[in-house]
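# Observations on chain architecture
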Amino acid sequence: MKQTLKDFILEWNGSHKHFNFSMQEALGTGRPTEVEIRYQAAKYKDFLSAKNWLSLKDIVEAKSHGTMFVFTDECLFEYGIVEIKIASANHNYQERIVVGVLRWIYEEFFPNQNPNEDKNE
């Protein structure tokens, strides 16, 4: 059974207290239009650079097959905010790809010295 984006976000936010996702969807269609990420900027202060922001932008677009685009600038990235626009009306949009990219952002892109550090008790 495939996991919906809504279910992924609900489950994720229930088990991660310092790195959260939220989403907006188009009324009437239920298709996601945007995902936002919030995290503790102080925890990642040495990682939050213009170079890493540019990498995030490029990799998210590539991994999503051109259906997800980092919309925020590097200043917001450095303050713990990332907005991602989703082209969910495109012919190649797949919800499982969005879920995979979001999971990748936390698990692979952001440095996690202790993978269980962010887990809720």
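The following refers to the structure shown. (Residues numbered from 1 in each chain as written. Predicted model: local features only at pLDDT ≥ 70, side-chain atom pairs only at ≥ 80, totals over all residues. Heavy atoms only, no water.)

## Side note on the environment of F71
Cut-off, in case you're wondering: Numbered from the N terminus, helices here are DSSP runs of H or I no shorter than four residues, and strands are runs of E no shorter than two. In this scheme, a residue with accessible area under 20% of its type's maximum is buried, one over 50% is exposed, and one in between is partly exposed, where area comes from a 1.4 Å probe on protein chains only. Any pair of residues with heavy atoms lying within 4.5 Å of one another is described as a contacting pair.
Here F71 lies in the loop between β3 (68–70) and α3 (74–78). Accessibility expressed as a relative area gives 54% for F71, which makes it exposed. Separated by 16 residues in the primary sequence, F71 and S55 place their C-alpha atoms 13 Å from one another. If sequence neighbours within four positions are ignored, F71 has contacts with E83, I84 and K85.

## Regarding the packing of aromatic side chains
Stated precisely, the cut-off is as follows: Here a Phe, Tyr or Trp ring, Trp counted by its six-membered ring, pairs with any other such ring whose centre lies within 6.5 Å, and the pair is stacked when the planes are under 30 degrees apart, edge-to-face when over 60, and tilted otherwise. Whether a charge sits over a ring depends on NZ of Lys or CZ of Arg being within 6 Å of the ring centre and within 35 degrees of the ring normal.
This structure, assessed with the given rule, holds 17 aromatic pairs. On the numbers, 5.1 Å between centres and 80° between planes, the contact of W12 with Y106 is edge-to-face. Placement of the pair is W12 in helix α1 (residues 5–15) and Y106 in helix α4 (residues 95–109), with a sequence separation of 94 residues. What links up through ring pairs into an aromatic cluster is the set F8, W12, F19, F21, Y39, Y44, F47, F77, W104, Y106, F109 and F110. Residue placement shows K85 over the ring face of F71; its charged tip is 4.7 Å from the ring centre.

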